[in-house]
Structure formats: C-alpha cells, structure tokens
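Here are the chains, one letter per residue:
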Amino acid sequence: MLTMPKNLPQPQLKPNTEVVLQKRYLRKDLSGKQVETPRDLFWRVASCIAAEEAKYNQSTCKGDVLARDFYDLMTSWKFLPNSPTLMNAGTDLGQLSACFVLPVGDSIEEIFDAVKYAAMIHKSGGGTGFSFSRLRPKDSRVGSTGGVASGPVSFLRIFNTATEQVKQGGTRRGANMGILRVDHPDILEFIRAKEKEGEFNNFNLSVGLTEVFMRAVENDEHYDLVAPNSGEVINRLRAREIFELLVKKAWQSGDPGIVFLDRINRDNPTPDQGEIESTNPCGEQPLLPYEACNLGSINLSCFYVPGHNDAADPARDGIDWAELKRVVHLSVRFLDNVIDASRFPLDSITETVRKNRKIGLGVMGFADLLYQLEMAYDSQQGLELGERIMAFIQEEGHKASAQLAVERGAFPAYATSVYAKKKLGPYRNATVTTIAPTGTLSIIAGCSSGVEPLFALCFTRNILDGERLVEVNPHFEAALADAGLFSHELMDAVVAKGSIQEMDYLPAKLRKVFVTAMDIAPVWHLRMQAAFQRHTDNAVSKTVNLTNSATEQDIFDIYWLAYQEGCKGVTVYRDGCKSIQVLATGEGQ
Ligand code: CDP
C-alpha cells in the first residue's frame, strides 16, 4: 500500500456516515476493536485501486497521483464503489464485487456445488443470483436411484437456509436472486413460494418471462410448460391466467418480480459465451454463469451549481457537466482497476470476469438533484433531465472505456462480441453502466438512493440490529428556511406524515417539487425507470412504490407498461403489504 500523505485531509462525514462506517466498513481486529479511521479506510481503498495502474506501461496516470485523485473522488462523495470494494480493498480477503451469478445444474453434485460457492461469495460480501430453470420438475424420475426429484422450489429452500447461516464477512447477510422461467413445469409452485410471510426471506424471486409468453398473454393463448431435462411438453397453461396470478402475488407481497429474459439476452454483449439466465439479487446486473461485476455510483447531487439555474437559458441549467465528465472518466478507470485488484473465490469466476471485464457505473442522489433544481420527479421536465444525464454518463463512460482500450487493450472477448460484429469499440469493458440501488452507499454519501424518489421528506430508517436513524432531507429543510416557513411544529407534522401533499397551507410550488415515492403516480415511477434504462448497458434497480389502496389492475398496468417501455424487469411494492419494511414513514411507527 502507498504511504498515506501527511497532509491528507480528513473526510467531512455526513450525519449518518460515521454510524454506518463503524458498523460495517471500518476494519476491526480479532477482538473486535476498530483499527482504522474513515480516513484510513478511504486511503486503503484509493491506494489499493490506484496501485493496479503500475502494471500498465501505457498508463497516462501515476499511481500516487491517482491514489490522491481517487481519495478526493470518494471523500467529496461524488463517487463511491460498491460495498465489498470499500470493505475489502487492500485486505487479505480482497473480494471487491457485489454481484455474482452461479449456474445450478440438474444433479445433486452441481446443486450442492452451487450452495457451497454461494456461501463462499456471501462470506466475502457479494450477492448471488441463480436460475433454477435447468432443474428437472418435481416428481420426475431420478435415474440413479429410481426415486423422484424434489424440484426447484425444494432446492431453493436449501440455498435459503445456507444463506441464513453465513453472515457476509460478519457484517451483512447474503442477498440472493432466484429465477425460474415461466415455461418451467413447476412455475405455479414458484410463483406461490413466498405466500407465507418470512418464507425464503434471503431471496428475491423473479419469474423469467419470454417473448413467446408475452405474446400469448397479449393474444389470450395457451403456452407450453417444458421439462428442461427432457424437452418434453408437460402441460399447457393459459398465459393470461399466469400473468394475472403474478400480478396478484405481487399485490399481496411484492414477490415475485418479473424479468424479461429474451430482452436481457438481446442486449447480451457476448452471446457466444452462452445465455444470460439470471441477474444479481437486486436485478440491475444480468450476468453469465460464473460472472461477477463490480459497481460504482456517482452522486448527482454534487453536480448542482447554485445560482446557475435559469429556465429561460439552456446554457444555465444548474449542472456542472464538465465536472461530471471528469468524474465519469475517473470512475471508469477506478472500476476497471477494481477488476484487476479483486480476488475471487473461484477460478471459473476469475476467468469469466477477466474475459469480459464488465463494470457497472450508475448514479445516486438523482431525487436530491431534482429538489435542488426545483423540478418535480413526476414531470416531463424531470424525465427529460434523467434521460439527458444518463445519456451523457453512458456516452462519456463508453468513451472512457474506449480510451482505456487504447492504453490497456480491449476486453479479451471483444473479438467475438457484438461490438466487434457491429464495428463498435474496441472497449475495455463489455458493459459500462448499471443503476444500483445504493442502499448503503447513499447513506454514506448522504444522498437519495439510486434513481429513486425520496421515500419520505423526514423518516426513521431501520438499520442493523433494530437501530434507527432519523433523517430530514437537507434540501427540503433549506427550501423551507429560504421561504421563511421552517418551524419545529411543521417538521413534527412532516415527520408524522412523511409527505406534504395534503398541507395546502404550504405554497403549491413547494408541494409540486417536494414529492415523495408514495405521492408519485406509479406510471411516473415506471417512466423514470424506462428513461434511465434507455441509456444503461445493464439494467436499472427501481421499485415502483404503490399506496396501500392500489389495485391488482394498477399492477397489471405497470407490468404491461414495463414491457412496452423496454424495461428489463420490474419490481413493485405496495405500502404495508408486509409487516416489516426497511423504510417507513412516521405514521404507525
Ligand atoms: O449500497 P451497496 O453498495 O451496499 O449495495 P446496493 O447498491 O444496495 O446493492 C448492490 C448489489 O449488492 C445488490 O444487487 C447485491 O448484488 C449486493 N448486495 C448484497 O449482496 N447483499 C446486501 N445485503 C446488499 C447488496
């Protein structure tokens, strides 16, 4: 590790940063005593990732200068890499990726290999996605014993229990994604798997929808259920009934979600290496079996220029585009170096990752930026801003990856990738952009998460071990103060309600701008997801939040719109449909 410069400034921590860093990120010795400060942590990460530069002769950057650039990049809260990079860079573990997909083959050996590999990944702070579609259906014959197979849902339980027992690096429990194709004979059991609250609690479940299925829904036709092991058509179901059942279950519990598998594979940059069957746990990163990806997110709220905002003058749009461009280029270099610095628990993962060198640069703090610019999330203007920002990041991100390809060579599988066939590139990375949920990163950076609207203007957040953090959005507080409206009585009222929409004594403009997730009509959530998806190589993590009174028809419409708008999947959550939720407004607490 490079020696820490003597004058390295201390990071200016946001209100909740210290708590989260202490709980999960700062290194501890065997007795549990904290052995690093936040400054040590960010220097450990910066210097470890910058040190990778040394192996590239053509590099235009010097390791020590770059380490300082990376340190400043992170401690200005403009960019943060995913949690495993913050936790493990420069440590003996050295596993830096958040996202993995593992294959589950149709034999006891392969199934238990996957359980074991998942445990190894969870231990290192990564999350795993699996497709269970290759497993033979329940009750089909097992050649070696003459018995009958247990089927995907039964094996899913083993993965769930194993996860329960392995705490990730002693800090967080592993998250999983389980996917089953809609044409698997056990699909009904899978759709109902989470009916009982608490079942499969370490899994997000998604049904993999195909184009054939969606056309059958549209035309109200039946479709085939096919046994993956024999290719035999086992049954035929009415597609619309299944789609409606999916909607009903999502209404009841939020699970399962849906992913559009054919669409994901249409965007597979390296189809010669096989089909993409699954995503990572939160759905934003489709990956090949044995592939991993490291993510990083740019905090958009840092790019607001106060006083530079004039609706009549497009050149004065309140955003520092030049700085955003610099940060995108530096972040792409950072994430590409992370691939080299990362040590994976399996050789087959190292091999696949090094072949394609996927990275996932995304954003957080988008809702904060909208507040700063006084733009409503649920407005045409808001949508256009989202689209413009992501198009810019995507374009500059690809340029940065192309520049790295000049310095370091294209990703090894480039020659057989779709980019080579379309005469695009060469690029250093098979994918560059992904929008992650930024669940913890956004707390560290003190901004809104991913591209989500704020859940509430003031709220309590349940973090680890039942501990709670109280948060008031700083932009809301500032806007109230500017308007001379700030008062403790008002804050109490907002804490209790979460939203200000019914407070008609507040100015209309304020109410229009300071919308929260539940104030926003579901269709706007979806449109925003689609706007970001149009300029994202991988996928967008987004939850379409619904009020408790939302109907099944509302969810049907959202699912259908997600399909029409080109999303890769969709997740809905109806307020109050589960007894424990991570985020909650003041009421009922
Ligand atoms: O903010 P942070 O970097 O901790 O994570 P995130 O953006 O909320 O989630 C990104 C990805 O990290 C997820 O899609 C999972 O692949 C993984 N993850 C996990 O494995 N376990 C968790 N408890 C949270 C996230």
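Our structure's up above, just so we're on the same page.
Residues numbered from 1 in each chain as written. Predicted model: local features only at pLDDT ≥ 70, side-chain atom pairs only at ≥ 80, totals over all residues. Heavy atoms only, no water.

### Digging into the pattern of salt bridges
Where side chains of opposite charge bring their charged atoms close, a pairing between them can arise.
Then step 1. Using the criterion set out here, one finds 35 salt bridges in the structure.
Then step 2. One salt bridge connects Arg408 with Glu53, and the closest N-O pair in it is separated by 3.0 Å. Of this pair, Arg408 sits in helix H14 (residues 380–408) while Glu53 sits in the loop between helix H2 (38–51) and helix H3 (63–75); the two residues are 355 residues apart in sequence, bridging distant segments of the chain. For the pair formed by Arg408 and Glu53, the shared burial category is buried. (Salt bridge = Lys/Arg side-chain N within 4 Å of Asp/Glu carboxyl O. Helix = DSSP H or I, 4+ residues; strand = E, 2+ residues; numbered from the N terminus. Buried < 20%, exposed > 50% of the residue type's maximum accessible area, 1.4 Å probe, protein only.)

### Notes on the packing of aromatic side chains
Then step 1. Scanning all chains against the criterion turns up 26 aromatic pairs.
Then step 2. Between the aromatic rings of Phe42 and Trp77, the centroid separation amounts to 5.6 Å while the plane-to-plane angle is 80°, which identifies the pairing as edge-to-face. Here Phe42 is found in helix H2, whereas its partner Trp77 is found in the loop between H3 and strand E1 (79–81), with 35 residues between them in sequence. Each member of the pair, Phe42 together with Trp77, is buried.
Then step 3. Measuring from centroid to centroid gives 5.8 Å for Phe130 and Phe132, while their planes differ by 45°, and the two rings are tilted. Each member of the pair, Phe130 as well as Phe132, carries the same accessibility label: buried.
Then step 4. By the ring-pair criterion, three or more aromatic residues cluster together here, those being Phe243, Phe260, Phe556, Tyr559, Trp560 and Tyr563.
Then step 5. If you follow Arg527 out to its NZ or CZ, it ends over the ring of Trp524, 4.7 Å from the centre.
Then step 6. Across the ring face of Trp251, the terminal group of Arg574 is positioned such that the distance to the ring centre comes to 3.7 Å. (Phe/Tyr/Trp six-rings, centres within 6.5 Å; stacked < 30°, edge-to-face > 60°. Lys NZ or Arg CZ within 6 Å of the ring centre and 35° of its normal.)

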